[in-house]
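Below, each chain spelled out in residue letters.
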Amino acid sequence: TLKFVFYEETIPDPGTSVGLRVINATSTAVDVRTYPSTGTLPAAPTWASVPALTRSSFITAAPSQIKFNAQPVGGGTAIFDALALIGAAATVDIDALPGTTVAGSAVTAIIFPASVAGSKAAQFAAPGVSFMWDRRPPRPAGI
């Protein structure tokens, strides 16, 4: 079944932090945790029981290399544990690349279901994740 969902929204300015959220494009609810890549997986989900075919709200976090971990609701074997877009700071002649290490960025993890066997979709047996940025950091003065 194909479903199109369009969100018209204003992405909140995370200021000196980074914005994070998740879109669950699978057919089941998931718990999603976020944590610094040098840290340990937290016991409590950042977003508990994100329903199928919905999105979470944005949260803010300190800029760092951030991982997203998705699990079945209530815990269990991780569906994935992935490092989000890192980004790159602006230089004297290049705008910043949005990512979790760059303040003012907003990043979304999109959880995709496993592909349907025999379909023309890329074939993968387990749900996966892809990251996109929703908000660029502000341009430094003088660029």
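Preceding this section is the structure that the text describes.
Let us look at the structure shown here.

## Digging into the nonpolar core
Then comes step 1: Ranked by size, the top nonpolar core spans 18 residues in total, and within it Leu20, Val22, Val32, Trp47, Phe68, Ile111 and Phe131 carry the most contacts.
Then comes step 2: The set of elements that each furnish at least two residues to this core consists of strand E1 (18-24), strand E2 (30-36), strand E3 (47-50), strand E6 (66-72), strand E7 (80-83) and strand E8 (106-112).
Then comes step 3: If we skip the residues at most four places from it in the chain, Val32 touches Val22, Pro45, Thr46, Trp47, Phe68, Asn69, Ala70 and Ile111.

## Some thoughts on the side chain of Thr108
Then comes step 1: Note that Thr108 resides in strand E8.
Then comes step 2: Residue Thr108 is classed as buried on the basis of its relative accessible area of 0%.
Then comes step 3: Other than its neighbours up to four places away in sequence, Thr108 contacts Arg21, Val22, Ile23, Phe58, Ser130, Phe131, Met132 and Asp134.

## Structural notes on unusual backbone geometry
Then comes step 1: Unlike most non-glycine residues, Ser49 shows phi in positive territory, near 50 degrees.
Then comes step 2: Mapped onto the secondary structure, Ser49 falls in strand E3.
Then comes step 3: Residue class for Ser49 comes out partly exposed when judged on its relative accessible area of 36%.
Then comes step 4: Even without being glycine, Leu53 reaches a positive phi, approximately 55 degrees.
Then comes step 5: In this fold, Leu53 is placed in the loop between E3 and strand E4 (54-55).

## A closer look at the pattern of salt bridges
Then comes step 1: Using the criterion set out here, one finds six salt bridges in the structure.
Then comes step 2: A salt bridge links Asp13 to Arg135, with the shortest nitrogen-to-oxygen separation between them at 3.9 Å. Of this pair, Asp13 sits in the segment before E1 while Arg135 is found in strand E9 (residues 128-135), placing the two residues 122 residues apart along the sequence.
Then comes step 3: Judged by relative accessible area, Asp13 falls into the exposed class, the value being 55%.
Then comes step 4: Arg139 is the salt-bridge partner of Asp95, the closest N and O atoms lying 3.0 Å from each other. Placement of the pair is Asp95 in the loop between E7 and E8 and Arg139 in the segment after E9, with a sequence separation of 44 residues.

## Some remarks on the sheet that holds E3
Then comes step 1: An order of E3-E2-E6-E7 is seen for the four strands of this open sheet, with the pairing classed as antiparallel. Edge strands, defined here as strands with exactly one partner in the open sheet, are E3 and E7. Neighbouring strand axes in the sheet, compared pairwise and without regard to direction, differ in orientation by 20 degrees on average.
Then comes step 2: Summarising the sheet, E2 and E3 pair through two bridges and their orientation is antiparallel. For Val30, the partnering residue across the bridge sits in E3 and is Val50.

Reading guide: rules and limits
Residues numbered from 1 in each chain as written. Predicted model: local features only at pLDDT ≥ 70, side-chain atom pairs only at ≥ 80, totals over all residues. Heavy atoms only, no water. Core = buried A, V, L, I, M, F, W, Y, C linked by side-chain atoms within 4.5 Å. Buried < 20%, exposed > 50% of the residue type's maximum accessible area, 1.4 Å probe, protein only. Helix = DSSP H or I, 4+ residues; strand = E, 2+ residues; numbered from the N terminus. Contact = heavy atoms within 4.5 Å. Salt bridge = Lys/Arg side-chain N within 4 Å of Asp/Glu carboxyl O. Pairing = 2+ DSSP bridges. Axes fitted to C-alpha atoms, helices over the stretch in contact; angles between N-to-C directions.

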